[in-house]
Amino acid sequence: MESEAVYKETTEPEVKAPRRCPFGCTLRHLLGWRLGAKVVQAIFSFVAVVCEEIVEDCSTCSGLYFFEFISCSAFLLSLLILCVYCTDLYESLGKDKVQKL
């Protein structure tokens with residue numbers, strides 16, 4: 001019984017992690033020219049999607065469909081990157097998982 005009393009006195013209390021919003025906006029992980037480059041990339045890929053949708057008639061559409069797939073994928077991936085790096089999701093996932101993503 002005596003060892004149990006000593007054990008309780010030397011044990012540190014459990015500290016809870018501070019609460020934070022899961023989607024709080026922060027630019028801590030994407031600063032300077034990298035933020036500007038990702039925003040410009042998202043804008044250009046969105047403009048490419050819009051320009052592709054303007055085309056009403058084409059004789060061989062396989063290239064147009066490929067361009068549509070690439071531009072839409074680039075737009076969605078650039079938005080994903082901006083969301084991960086500019087929110088607290090980066091810290092929630094961890095640096096290793098973000099790099100794998």
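The paragraphs below set out a description of the structure included in this document. Since this is a predicted model, take the numbers as computed values, not measurements. Each chain has its residues counted from 1, running along the sequence as written. In view of the model being predicted, local features appear only for residues whose pLDDT reaches at least 70, and side-chain atom pairs are presented and counted only at 80 or more, with totals across whole chains, interfaces and linings using the full set of residues. Values reported for side chains reflect all heavy atoms of the structure, with hydrogen atoms and water molecules removed beforehand.

**Considerations on the overall build of the protein**
Phase 1 of the analysis: Going along the chain from the N terminus, every DSSP run of H or I of four or more residues is numbered as a helix, and every run of E of two or more is numbered as a strand. The number of helices and strands found in the protein is five helices and zero strands.
Phase 2 of the analysis: When the helices and strands of the protein are read in sequence order from the N terminus, they spell out α-α-α-α-α.
Phase 3 of the analysis: For each residue, the accessible area found with a 1.4 Å probe, counting protein chains only, is set against the maximum for its type, and the residue is called buried under 20%, exposed over 50%, and partly exposed in between. Buried positions account for 22% of the 101 residues belonging to the protein.
Phase 4 of the analysis: Contacts in the protein between residues at least 24 apart in sequence constitute 68% of all its contacts with a sequence separation of at least 6. Here, two residues are considered to be in contact whenever any of their heavy atoms come within 4.5 Å of each other.

**As for the state of the cysteines**
Phase 1 of the analysis: Pairs of cysteine sulfur atoms within 2.5 Å are identified as disulfides in what follows. Counted under the stated rule, the structure contains one disulfide.
Phase 2 of the analysis: One disulfide in the model links Cys58 with Cys61; its S-S distance is 1.7 Å. Between Cys58 and Cys61, the S-S dihedral sits near 105°, and the bridge is therefore right-handed.
Phase 3 of the analysis: Cysteine Cys83 remains unbridged, with the sulfur of Cys86 as its closest cysteine sulfur at 8.1 Å.

**What about the side chain of Ser45?**
Phase 1 of the analysis: Counting through the fold element by element, Ser45 comes out in helix α2 (residues 33–54).
Phase 2 of the analysis: Overall, the relative accessible area of 7% leaves Ser45 in the buried class.
Phase 3 of the analysis: Setting aside its immediate chain neighbours within four residues, Ser45 contacts Ser71, Ala74, Phe75 and Ser78.

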